[in-house]
Amino acid sequence: MAKHPGRESEVTMTARCLGGGCAWESEPTPADVSSGGCEAHTVTTGHTVFAVTLEYVALVTRE
């Protein structure tokens, strides 16, 4: 079996700041267009560590 992104699916990215006690989280954005706002958050706050999640719809096919 093979697992791969579906043609109609879009890879989205979300990010969450891991700076001590910071509650900042990004909205889901297309992964190929944006960094999820991490750079802007770093410029504003100086925070530099983020948890980043990529998500897409996977299709599983029999080979």
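Placed above this text is the structure.
The structure displayed is predicted, hence computed values, not measured ones.

(A) Region of interest: the overall build of the chain. A count of helices and strands for the chain gives one helix and five strands. Along the chain, helices and strands appear, N-terminal first, in the series β-β-β-α-β-β. A buried classification covers 22% of the 63 residues belonging to the chain. Look at the contacts in the chain between residues 6 or more apart in sequence, and 58% of them connect residues 24 or more apart.

(B) Spatial organisation of the sheet that holds strand 2 (residues 12-17). The antiparallel open sheet is built from three strands, whose spatial order is 3-2-4. Of all strands in the sheet, those bounded by a partner on one side alone are strand 3 (29-30) and strand 4 (50-55). Examined bridge by bridge, strand 2 and strand 4 share six bridges and lie antiparallel to one another. Residue pairing in the sheet places Arg16 in a bridge with Ala51 of strand 4.

(C) Representation of the pairing of strand 2 in the model. Bridge analysis of strand 2 against strand 3 gives two bridges, and the strand direction is antiparallel. Bridge pairing in strand 3 places Met13 opposite Thr29.

(D) Highlighting the side chain of His41. Turning to its location among the elements, His41 is positioned in helix 1 (residues 38-45). According to the relative accessible area criterion, His41 is buried, its value standing at 9%. There is a polar contact of 3.3 Å between the side chain of His41 and the side chain of His47.

Each value, and the rule that gives it
Residues numbered from 1 in each chain as written. Predicted model: local features only at pLDDT ≥ 70, side-chain atom pairs only at ≥ 80, totals over all residues. Heavy atoms only, no water. Helix = DSSP H or I, 4+ residues; strand = E, 2+ residues; numbered from the N terminus. Buried < 20%, exposed > 50% of the residue type's maximum accessible area, 1.4 Å probe, protein only. Contact = heavy atoms within 4.5 Å. Pairing = 2+ DSSP bridges. Polar contact = N/O pair within 3.5 Å; in protein donor to acceptor, adjacent residues only side chain to side chain.

Don't take any of this as a statement about function, it's just geometry.
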